[in-house]
Each structure stands twice: as C-alpha cells, then as structure tokens.
Amino acid sequence: MSGIRKYLGLILAIVVVLAMAAWPVINGKDITREVVFTMLLSVGLASSLNILLGYTGYVSFGHVVFFGLGGYVGFYLMAVHDWSLWTAMIAGGLASAALAFLLGKAILRLRGGYFALATIGVNEAVRAFINNFDPFGGPVGMSLNFQVYKNYGGGAREALWMSFYILVALTLLITVVTYMVRSSKFGLGLLAIREDEDAAEVMGVIAPNAKTWAYVLSAVFPGILGVLFFFKNGNIEPAPAFRLQMSIEMIVMVMLGGQGTVLGPILGGAGYQRLRGFLLTNPLFKNIQLAVAGVLLLVIVLFVPAGVVGWVRQRFPKLRRVLQ
Amino acid sequence: MDFLFASIIDGLLLGFVYGIAAMGLTLIWGVMNVINLAHGPIIALGMFGVYLIFTGLGVNPYIGVVLVAVLGLLLGMLIYYIAVHRVINAPHLSTLLATFSINMIIIGLGTAVFSASPRNVDFSLGSMTLGPITLLGSRVVAAVASLLITGGLYAFLYKTRQGRYIRAVANNRDAAELMGVPSTKILALSFGLGTMLASVAGALIATFFPFTILAGGVYELKSFVIGVLGGLGNPIGALFGGLILGVLEGIIPTFMPTTWVPVLEFVLFVLILLVRPQGIFGAKK
C-alpha cells in the first residue's frame, strides 16, 4: 500500500495522459486524433521545458530552437539519406542534446534576463543560418516523398495513426522522466539552484554541471518530437520550425499548469490547446483570439503566478502527495 | 567604392532610428530591470498612428510623429499600471510574461482591426544628391529628429527634477523612496518614456518603409541586439549601437548575400552577451 502511495503523483499524471490518448482511440475519428495530437505535443514540449524552467528556474525564451533543429536534422536524414523514422528520431534528439550541451556551458553562466535574451538570440541565429544553409533547402525547406509513408503500415492514414501512438509513448516517457528527475538527488540540486544558486553551490551542488545536464535533458525530447512532428507534416521550413511565438506558448503552458510540478505542464499544455481551439472556432472570439489569450495570460501572471496545480497545492496541503 | 560609401551613409541614417527604438527598450531595462516584450507591437502602433493621422486626417506626418509621441507616453503609463506594477518585484519570468501578454493583446486587436496587409505613408520629401550619394529627404529628417530626441532625453534626465528622480530610482529604488521620491509614479513615467521612444521610432520608420501590424517584431529583435551592443540600461550606448548595426547592415550586403545579415547580427549578439554582457559602451562592473 505504502509503495503505491509513494507513486500516486506519477500514477495520476500517467492516467491523465492515457485518458487524453484514449479519446481518439475510442471514437476512432481522424479529427479527434489531430486535436489530441496537438495537445500531447504541447504536453511533451511543456514538460521538457519544465525541467529547465520549473525545476532549475532558468527562463529559456528560445526553447523552440531544439524542436526546430532536431526536426531539421531528422528530416534531412529521412528525406535525403532514406533513414527510417526511428533512427532519425534518435539522431534528431541527439543533435538537440549536442547543441544544448555546447551552448549550456557558455550561456548558462548568464542569469535572469540576460539568459532569456541569449536564448532568443540563439534561436534567431540558428533560424537565420538554416535559412541560408543549402543542404537543408534554405528558405524553401524540404519535403518528404509521399512513398515514404508506405513503409509505415500502408497508406497515409495508417502512418498518421502510427505517429499518434509514437507520440503517446513519448509523452508517457517524458512524464516518467520529469517525475524521476524531480524525485532524484539531481532534481533536488536543480530545485536548490532555483531557490538560490550561490547557496546551492555552497551546499555542494556543482551548479554548472547540474544546469548543463538539465538543459540537455530539456532539449532531447523537443528534438525527438520535432522529427515526429515534421515527419507527420511532410515538409519543413525555417519559419514554422523556429517560431519564437511557439517558445513563448511553451512557457505559457508551464505557467498555466504550474511550474516545477509534474502534473502542471500536462494540464497546462492540454488546457492551453483546448482553449486555443475553442477561441479559434468560436464566432465571437475568432478574430480576436490572440487578444483574449493575452488577457487570460495577464490575469494568470498577475493573480495566479503559481499556476493551477501550484494554487491547489497551496490551498489544500493535503493534496500535495497526489499533485506533484 | 562609391557604392560602399553610399551604403554606409544609408546605414548610418537608418541607424539613428534603430538607436531611438533601442533607447526605449534600454531605458525601461535600466530603470526597472524589465525586458519589455511589448516593444515590437508598440513600434508597430507608432507606424499605424502616423498612417492614420496622415491618410485619415490629412495631417503632415511629422506633426503626426509628435502626436504619436504623446499617445505613446500615455499608453506606456497605462501599460505600467495595468500589467507591470503588480509584478515589478517578482522574478523575471513574471514581467517577461506580463509584457508579452500586452504584446498578444495589441497584435490580436491590431490584426482584427487593420488585417495583416501592408500599408505605407505616401509622403515624399524628395532627395538630394551629393556627388556619388543620394540622400532621401525622409531619412535625413528621421536621423535629425533622432538626434534631437536623444538630446531632449538627456536634457530631461539631467536637467529636470523628474529626470533626476528617474536616475535616482534606476540607481537604487529603495534609497530613492526613503528620500521621498514617488517611485511608482516615476516607474510609470519611465515606462511611458520607453514606449514613447518606441512609438516615435515606429512613426519615423513608417515615413520610409512599408509596414504591417507585425512589422514591429523585426525592430524589437534589432533593439535587443542594439541594446546589448551598447550596454543594456545605457541610452547613449543604444544610439551608438544603432549606428553600428546600421553600418553593418549597410556594409555586409556589399560582400555577401543580404540573407546572411541576420545570422551575423545574432551571432554577434550572443557573443557580446557572453563576453561582455555590460555592452561595448557599458561601464565595468
């Protein structure tokens, strides 16, 4: 009994992800699958960012660079060198991890606003570079030959369902990893850095290494997700791959759900996409959906800075064991 | 050679206006440590302000620039009281997101009202030719206006009571409060001045480039680069940073494709942040 109780937080998070994943499987509609795909993608990205933003307290405004770079590397290998999706996903994840590792030692020295600015600069520099990089197709990007999808269960529809199942598996994996990080000694070191970096160093946390590994860990999964997303998409271009707006949306999702919690980014990512879908299709808000989202963001930042999960944890301490 | 010289002059003139835009960003950073992510949309609002005053009311665009400045100041103070004041002492993430929510609101309403189609202010001041170079009237006026604004800002910061208050709050807010400086009002005024500079820069850019409601984003990123180049929090550094960026944008296309300009700009940006985060003109820590 006590064994299960210890893992209640993880179990709840997994149940939430599985419940989302079950929705299109049960009703079998393509449209529902697409809606849930977007939601789970956001959940995966937000949970990855949470390792850096929520646990370590470093605001990466250009996190989409890992999604875009991983996507580009994987896509290039699939489109030009005929790699399979599996190996391409691993390569994309490794490429993003390598970039994070190289950058980490340098820019993680910067604190607060300077770090945020540097991450924006990195994203813009990579985007501008890819725009000029001919092997990756320059400003036009690359497309996959439609025949490729034949290798994945027959037609395009099967390939789309397969992408969906891979995404479900990845989201579950990310959830488990974020939970494990949070309850590990490494994770406690990160939380200490978030509260007071200098004090953490005095207590024996080797901050530069811990921060770099947190950065690498939060970059791997966006890279893999990027490969999967652009594989499903069929083409890749610099503008959608390195959209700064998407970085900021990722931060909003983490904030909405509750930074530094395992369940927060899951609820935040899913909730944000649901809300966005609602605003986009609602005749009243259709034209001003961005402005409405802006007002909501402002209200959350000003009045509920801890996010939904953080707020509940503060109000109802008894639930803290379950809501992690 | 003539061509290179002409590009440099062109870049310099543009650089003055970039400098004004970056000055708005860097002033807010210097006084209250807030990175204003609504900077770009406010620049775009400045563009549309001049556009509406000129095409709607038929007023000379340079009178429009003055009106835009006043509106920009008021808008900035409003944004401060609504979005920034409550989180001014919170961690960076809060102010970044608060100003970004203003960004979303302006862009959302702006696209609904103006759509995303390009506009331009159809007003020409002619041009003059000096040997091999041709100077566009609107750019010369914009550069001169930028210099006057910089001078005005310095006069305000160093010669008036309000200006001294701003510098005191930037230096040490708690101490300034103890000396009886109304810090909330001064912070609102500083935020207003920052957005005023941004909207004026937008208004001046509108007199020579076409624009959409999304056009501010490019200048926001340039302002980041310039702000860091000149040292965040240093207005005069921002002007020099603007000139450097303008000249780079003039020179680089003469020996490599124009599309490489942003690559070099952002690599430079990250390098300066790493090597000298206080900027080229910033004081030693």
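Residues numbered from 1 in each chain as written. Chains lettered and ligands numbered in written order. Predicted model: local features only at pLDDT ≥ 70, side-chain atom pairs only at ≥ 80, totals over all residues.

Quick look at the overall build of chain B
Okay, step 1: Counting secondary structure elements, chain B contains 11 helices and two strands.
Okay, step 2: Listing each helix as α and each strand as β along chain B from the N terminus yields α-α-α-α-β-β-α-α-α-α-α-α-α.
Okay, step 3: Relative to a compact globule of 285 residues, whose C-alpha radius of gyration would be 19 Å, chain B shows 19 Å and is just as compact.
Okay, step 4: Taken over the C-alpha atoms alone, chain B extends approximately 60 × 45 × 35 Å along its principal axes.
Okay, step 5: Counting all 285 residues of chain B, 53% fall into the buried class.
Okay, step 6: Of all intrachain contacts in chain B linking residues separated by at least 6 positions in sequence, the fraction that spans at least 24 positions is 78%. (Helix = DSSP H or I, 4+ residues; strand = E, 2+ residues; numbered from the N terminus. Rg over C-alpha atoms; globule rule 2.2 N^0.38 Å. Buried ≥ 20, exposed ≤ 12 C-beta atoms within 10 Å, placed from the backbone. Contact = placed C-beta atoms within 7 Å.)

Quick word on the overall build of chain A
Okay, step 1: Scanning chain A for helices and strands turns up 15 helices and two strands.
Okay, step 2: For 324 residues, the compact-globule formula gives about 20 Å, and the C-alpha radius of gyration of chain A, at 19 Å, lands near that figure.
Okay, step 3: For the C-alpha atoms alone, the extent of chain A along its principal axes is close to 55 × 45 × 45 Å.
Okay, step 4: The 324 residues of chain A split such that 53% are buried.
Okay, step 5: For chain A, the share of sequence-separated contacts (at least 6 apart) that also reach a separation of at least 24 residues comes to 75%.

Focus on helix 4 (residues 92-114) of chain B
Residue and element names in this part refer to chain B.
Okay, step 1: The first and last C-alpha atoms of helix 4 sit 32 Å apart over 23 residues, in line with the 33 Å expected at 1.5 Å per residue.
Okay, step 2: Among the 23 residues of helix 4, 17 are classified as buried, and the element is accordingly described as predominantly covered.
Okay, step 3: Residue serine 115 follows helix 4 closely and has a positive phi angle near 55 degrees. (Expected span 1.5 Å × (residues − 1).)

Topic: the interface of chain B and chain A
Okay, step 1: With 35 residues of chain B at the interface, the matching set in chain A holds 35 residues.
Okay, step 2: Secondary structure elements with two or more residues in the side of chain B that touches chain A: helix 4, helix 9 (216-230) and helix 11 (261-275) of chain B.
Okay, step 3: In terms of residues, the side of chain B that touches chain A owes the most to one element, helix 4 of chain B, which gives 15 residues.
Okay, step 4: Tallied by class, residues from the side of chain B that touches chain A come to 28 nonpolar, six polar and one charged. (Nonpolar A, V, L, I, M, F, W, Y, C, P; charged D, E, K, R; others polar.)

Some details on the packing of helix 6 (residues 113-132) of chain A against helix 11 of chain B
Okay, step 1: Where helix 6 of chain A contacts helix 11 of chain B, the two axes come as close as 8 Å, and the packing angle between them is 155 degrees. It follows that helix 6 of chain A is roughly antiparallel to helix 11 of chain B by the angle criterion. Crossing angle aside, the handedness with which helix 6 of chain A passes helix 11 of chain B is left-handed. Seen from helix 6 of chain A, the contacting residues are Tyr114(A), Leu117(A), Ala118(A), Gly121(A), Val122(A), Glu124(A), Ala125(A), Ala128(A), Phe129(A) and Asn132(A); seen from helix 11 of chain B, they are Pro262(B), Val263(B), Phe266(B), Val267(B), Phe269(B), Val270(B) and Leu273(B).
Okay, step 2: Classifying every residue of the contact of helix 6 of chain A with helix 11 of chain B by side-chain character gives 14 nonpolar, two polar and one charged. (Axes fitted to C-alpha atoms, helices over the stretch in contact; angles between N-to-C directions. Parallel < 35°, antiparallel > 145°, perpendicular 65-115°, else oblique. Left-handed = near helix turned anticlockwise from the far one by under 90°.)

What about the pairing of strand 2 (residues 133-136) of chain B?
Residues and elements named next belong to chain B.
Okay, step 1: As paired strands, strand 1 (residues 127-130) and strand 2 are joined by four bridges and run antiparallel to one another. When the sheet's bridge partners are listed, serine 127 is paired in strand 2 with leucine 136.
Okay, step 2: In this antiparallel pair of consecutive strands, strand 1 and strand 2, the connection spans two residues, and glycine 131 shows a positive phi of 60 degrees. (Pairing = 2+ DSSP bridges.)

Quick notes on the nonpolar core
Okay, step 1: Val17(B), Met47(B), Val50(B), Val200(B) and Ala201(B) are the most contacted members of the largest nonpolar core, which has 206 residues in total.
Okay, step 2: The residues touching Val17(B), leaving out its near neighbours within four places in the chain, are Ala142(B), Ser146(B), Ala201(B), Leu204(B) and Ile205(B). (Core = buried A, V, L, I, M, F, W, Y, C linked by C-beta atoms within 7 Å.)

Quick notes on unusual backbone geometry
Okay, step 1: Phi at Asp82(A) takes a positive value of approximately 55 degrees, unusual for a residue other than glycine.
Okay, step 2: Among the secondary structure elements, Asp82(A) is positioned in the loop between helix 4 (64-81) and helix 5 (85-107).
Okay, step 3: A positive phi angle, close to 60 degrees, is found at Asn33(B), a residue other than glycine.
Okay, step 4: Within the secondary structure, Asn33(B) is located in the loop between helix 1 (2-32) and helix 2 (39-57).

Observations concerning helix 1 of chain B
Okay, step 1: Helix length check: helix 1 of chain B, at 31 residues, gives a terminal C-alpha distance of 45 Å against a target of 45 Å (1.5 Å per residue), a fit within 8%.
Okay, step 2: The first or second residue beyond helix 1 of chain B is Asn33(B), which carries a positive phi of 60 degrees.

Digging into the packing of helix 9 of chain B against helix 11 of chain B
Any two packed helices are characterised by how steeply their axes cross, that is the angle between the axes, and by the distance between the axes.
Residues and elements named next belong to chain B.
Okay, step 1: Contact pair helix 9 / helix 11: the axes reach a minimum separation of 9 Å and the direction vectors enclose 40 degrees. In terms of orientation, helix 9 and helix 11 fall into the oblique class. Helix 11 is crossed by helix 9, and the crossing has left-handed handedness. For the pair formed by helix 9 and helix 11, the contact residues are Phe224, Val225, Val228 and Leu229 on the first element and Glu265, Phe269, Ile272 and Leu273 on the second.
Okay, step 2: Here the residues of the contact of helix 9 with helix 11 are counted per class, giving seven nonpolar, no polar and one charged.

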